[in-house]
Amino acid sequence: EEMYDRTGMIPVIRASICTGEKVAGFKDIKSNRFEDLMVIRDEKDLQLFIKKYGVNREDIQKEW
């Protein structure tokens, strides 16, 4: 399990309105820079992201 900087980063899922493609990653609170880490195709991918990075599902923000 890789940990992320909970004080400076927030977990985000970015979804494309056009294609519906979703990408999970972390956004830097100060710079707003988004680092994409994995494509989310289904619930299994989302579970993997949550488990791998120690993310709480309720902490994940969605962006379009």
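Just above sits the structure.
Every value quoted in this text rests on a predicted model; they were computed, and no experiment measured them.

(A) A look at the packing of aromatic side chains. Evaluated as defined, the whole model comprises four aromatic pairs. Centroid distance Y4 to F26: 4.5 Å. Interplanar angle 25°. Geometry classified as stacked. Note that Y4 is positioned in the segment before β1 (9-15) and F26 in strand β2 (residues 22-28), a separation of 22 residues in sequence. Y4 sits in the buried class, given a relative accessible area of 12%. Residue classification places F26 among the buried residues on the basis of a relative accessible area of 4%. Pairing F49 with Y53 gives two aromatic rings, centres 5.5 Å apart and planes at 50°, and the pair type is tilted. Taken as a pair, F49 and Y53 lie in helix α1 (residues 43-53) at a separation of four residues, close to a single helical turn. Pair check on accessibility: F49 and Y53 agree, each one buried. Looking at R14, its charged tip hangs above the ring of F34, at a distance of 4.2 Å from the centre.

(B) Expanded view of the nonpolar core. Ranked by size, the top nonpolar core spans 13 residues in total, and within it A24, F26, I40, L46, F49, V55 and I60 carry the most contacts. Elements with a contribution of two residues or more to this core: β1, β2, β3 (34-40) and α1. With four residues, α1 is the single largest residue contributor to this core. The residues touching F26, leaving out its near neighbours within four places in the chain, are Y4, M9, I10, P11, R33, F34, E35, L37, F49, Y53 and V55.

(C) Expanded view of the side chain of D45. In this fold, D45 is placed in helix α1. Residue contacts for D45: discarding those within four places in its chain leaves M38, V39 and I40.

Here is what the cut-offs are and how they apply
- Residues numbered from 1 in each chain as written.
- Predicted model: local features only at pLDDT ≥ 70, side-chain atom pairs only at ≥ 80, totals over all residues.
- Heavy atoms only, no water.
- Phe/Tyr/Trp six-rings, centres within 6.5 Å; stacked < 30°, edge-to-face > 60°.
- Helix = DSSP H or I, 4+ residues; strand = E, 2+ residues; numbered from the N terminus.
- Buried < 20%, exposed > 50% of the residue type's maximum accessible area, 1.4 Å probe, protein only.
- Lys NZ or Arg CZ within 6 Å of the ring centre and 35° of its normal.
- Core = buried A, V, L, I, M, F, W, Y, C linked by side-chain atoms within 4.5 Å.
- Contact = heavy atoms within 4.5 Å.

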